[in-house]
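# Understanding the architecture of this molecule
Residue-level listing of the chains:
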Protein chains: 2
Amino acid sequence: MIKIVAKNYVKADKVNDYIELAKKLVKATNDKDAGCLHYQLYQDATDPQVLTFLEEWESDEHLKQHMEAEHFKEMVPALSEFQEKPGELNIYQVVK
Amino acid sequence: MIKIVAKNYVKADKVNDYIELAKKLVKATNDKDAGCLHYQLYQDATDPQVLTFLEEWESDEHLKQHMEAEHFKEMVPALSEFQEKPGELNIYQVVK
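Now for a quick tour of the structure. (Residues numbered from 1 in each chain as written. Chains lettered and ligands numbered in written order. Predicted model: local features only at pLDDT ≥ 70, side-chain atom pairs only at ≥ 80, totals over all residues. Heavy atoms only, no water.)

On to the packing of helix α1 (residues 15-32) of chain A against helix α3 (residues 70-80) of chain A. Residues and elements named next belong to chain A. α3 packs onto α1 with a crossing angle of 160 degrees between their chain directions and a minimal axis gap of 10 Å. Taken together, the axes of α1 and α3 lie roughly antiparallel to each other. Once α1 is placed against α3, the crossing between them reads as left-handed. For the pair α1 and α3, the contacting residues are Tyr-18, Leu-21, Ala-22, Lys-24, Leu-25, Ala-28, Thr-29 and Lys-32 in the first and His-71, Phe-72, Met-75, Val-76, Ala-78 and Leu-79 in the second. (Axes fitted to C-alpha atoms, helices over the stretch in contact; angles between N-to-C directions. Helix = DSSP H or I, 4+ residues; strand = E, 2+ residues; numbered from the N terminus. Parallel < 35°, antiparallel > 145°, perpendicular 65-115°, else oblique. Left-handed = near helix turned anticlockwise from the far one by under 90°. Contact = heavy atoms within 4.5 Å.)

For Val94(A), the location among the structural elements is in strand β4 (residues 83-94). Considering only alpha carbons, one finds Val94(A) and Lys27(A), 67 residues apart in sequence, at a separation of 26 Å. What Val94(A) contacts, discounting residues up to four positions off in sequence, is Gln40(B), Leu41(B) and Tyr42(B).

Turning our attention to empty space enclosed by the protein. Regions of empty space are outlined by a rolling probe, equal in size to a water molecule, passed over the atoms. This model, assessed by the stated rule, comprises one cavity of 30 Å³ or more. There is about 70 Å³ of room inside the largest cavity. Every residue lining the largest cavity is listed: Val5(A), Lys7(A), Glu88(A), Asn90(A), Tyr92(A), Val5(B), Lys7(B), Glu88(B), Asn90(B) and Tyr92(B). Among the secondary structure elements, those contributing two or more residues to the lining of the largest cavity are β1 (2-10) and β4 of chain A together with β1 (2-10) and β4 (83-94) of chain B. (1 Å grid on protein atoms, 1.4 Å probe; cavity = no way out; pocket = protein on both sides within 12 Å on 5 of 7 lines; lining within 4 Å. Points joined across faces, edges and corners; volume = space filled by probe spheres on them.)

Quick look at the relation of the copies chain A and chain B now. Relating one copy of the chain to the other takes a rotation about an axis and a shift parallel to that axis. Structural alignment of chain A on chain B gives an RMSD of 0.0 Å, achieved by rotating through 180 degrees and translating 0.0 Å along the axis. The superposition operator between the copies reduces to a two-fold rotation axis. When C-alpha positions in chain A are compared against the rotation axis, the closest is assigned to Val5(A), at 4.1 Å. The fraction of interface residues of chain A whose copies in chain B are also interface residues reaches 100%, indicating that both copies meet through the same surface. (Least-squares fit on C-alpha atoms with pLDDT ≥ 70 in both.)

Okay, the side chain of Asp33(A) next. All names here are of chain A. Position of Asp-33 relative to the elements: it lies in the loop between α1 and β2 (36-44). Buried charge without a partner: Asp-33 forms no salt bridge, and the closest opposite charge is Lys-32, 7.4 Å away. At 2.5 Å, the side chain of Asp-33 and the side chain of His-66 are in polar contact. (Buried < 20%, exposed > 50% of the residue type's maximum accessible area, 1.4 Å probe, protein only. Lys, Arg positive; Asp, Glu negative; His and termini not counted. Salt bridge = Lys/Arg side-chain N within 4 Å of Asp/Glu carboxyl O. Polar contact = N/O pair within 3.5 Å; in protein donor to acceptor, adjacent residues only side chain to side chain.)

Another point: the sheet that holds strand β3 (residues 50-57) of chain A. Around the barrel, eight strands lie side by side as β1(A)-β3(A)-β2(A)-β4(B)-β1(B)-β3(B)-β2(B)-β4(A); this closed barrel has antiparallel pairing. Neighbour-to-neighbour, the strand axes of the sheet open up by a mean angle of 30 degrees, direction not taken into account. Across seven bridges, β2(A) lies against β3(A) in antiparallel orientation. The partner of Tyr42(A) across the bridge, within β3(A), is Thr52(A). Together, β1, β2, β3 and β4 of chain A form the strand contacts of α1(A), whose direction differs from that of β2(A) by roughly 170 degrees. (Pairing = 2+ DSSP bridges.)

Shown next, in the form of structure tokens:
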């Protein structure tokens, strides 16, 4: 099991556009992608320009398949157009 | 429900010390703190110095109680001694 934190910094005037498109990516991912345990968009409670996908996948392979899916390849570049600066992606493993 | 990403950058020679103490905080929190839906330590798959608490709480009030608990007040300052630079704390709400 792996967890992903994909943190994005969105232009102030593009927050609504970002959310609208991101919701489509969330729906497509939850509907279609095998091994998806959790995939949801979150907004920082104090800074609305910070919009982060918190994800959980059964395996690296399932994550890889997600990143090769049509909906991912179509929407992720479009989402990046709304970003103010590069985001941060962390792929995490639980510490046992 | 709120989710927390508490990302920490730990000194290279203090990673094991950090993990050892953090595990005690994880155990105490899961054992004692009401409203704790998830509270676990994760390590970045590519950078072992990035050690992050991914948390989920029923409410702000439960989070507040956690931050006033003895185990929190005792261990969090001690953990910060092992840090290389200030961490990042994001409190997230789901985007519906």
